[in-house]
Amino acid sequence: MPFDLSPAMIGVPAIAITVGWVVNTWLRVRHGYPLENSWGKPVYPRTSSAEQERIALLSQENARLQAELGSVKDRLANVERIVTDSGYALTRQIEALRSEGRAQ
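So, here is what we can say about the structure in this document.

Conventions and cut-offs
Every residue gets a number counted from 1 within its own chain, in the order that chain's sequence is written. Predicted model: local features are reported for residues with pLDDT of at least 70 only, side-chain atom pairs are reported and counted for 80 or more only, and whole-chain, interface and lining totals are derived from all residues. Think of the side-chain values as coming from all heavy atoms in the structure, minus any hydrogens and water. Numbering of helices and strands starts at the N terminus; helices are DSSP runs of H or I of at least 4 residues and strands are runs of E of at least 2. Reported accessibility uses the Shrake-Rupley method at a 1.4 Å probe radius. Residues are deemed covered only where the shown protein chains occlude them. What makes a patch is a set of residues exposed beyond 30% relative accessible area and free of salt bridges, joined within 9 Å when like-charged and within 5 Å when nonpolar (Val, Leu, Ile, Met, Phe, Trp, Tyr). Whenever Lys or Arg places a side-chain nitrogen within 4 Å of a carboxyl oxygen from Asp or Glu, that contact is recorded as a salt bridge. By this rule, a helix spans an expected 1.5 Å times one less than how many residues it contains. Whether a residue is buried, partly exposed or exposed follows from its accessible area with a 1.4 Å probe, protein chains only, as a fraction of its type maximum: under 20%, in between, or over 50%, in that order.

With that settled, consider the overall build of the protein chain. A tally of helices and strands in the protein chain yields three helices and two strands. Counting only carbon and sulfur atoms, one obtains 62% of the accessible surface of the protein chain, whose full area is about 9,800 Å².

A separate point is a nonpolar patch on the surface. A cluster of nonpolar side chains, Ile15, Val19, Val23, Trp26 and Leu27, forms an exposed patch at the surface whose accessible area comes to about 470 Å². For Val23, the location among the structural elements is in helix H1 (residues 7–30).

This part is about H1. Between its first and last C-alpha atoms H1 spans 34 Å; for 24 residues at 1.5 Å apiece the expected length is 34 Å, and the two agree. Immediately beyond the C-terminal end of H1, within one or two residues, lies Gly32, with a positive phi of roughly 85°.

Moving on to the pattern of salt bridges. Scanning the model with the defined rule gives two salt bridges in all. Close ionic contact of Glu95 with Arg98 constitutes a salt bridge, the shortest N to O distance being 3.1 Å. Of this pair, Glu95 and Arg98 both sit in helix H3 (residues 87–103), three residues apart, which is roughly one turn of the helix. Taking the relative accessible area as the measure of exposure, Glu95 reaches 38% and is therefore partly exposed. Accessibility expressed as a relative area gives 45% for Arg98, which makes it partly exposed.

So, in structure tokens, the structure goes:
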């Protein structure tokens, strides 16, 4: 019984290798790994000046939002300090504020 190479015996492994390569490339792109050329060197996408400008604008917005978050954290710390203060001291502060409001 001679060994017979049918087209299915050649085609199925070729398709499996191709699908494996596509899935591997998709996973690498999805998780942020750089693509590689045929010599194993990373290939990075080229960025245009519009994309670089957008990155700069997003970096500025990120810095502004971080500053705003810092001020919100400070305000939250003050609110937590007031809430965790003893009930008597809190009542005294509220009454002091009310009396200031009536005096004006």
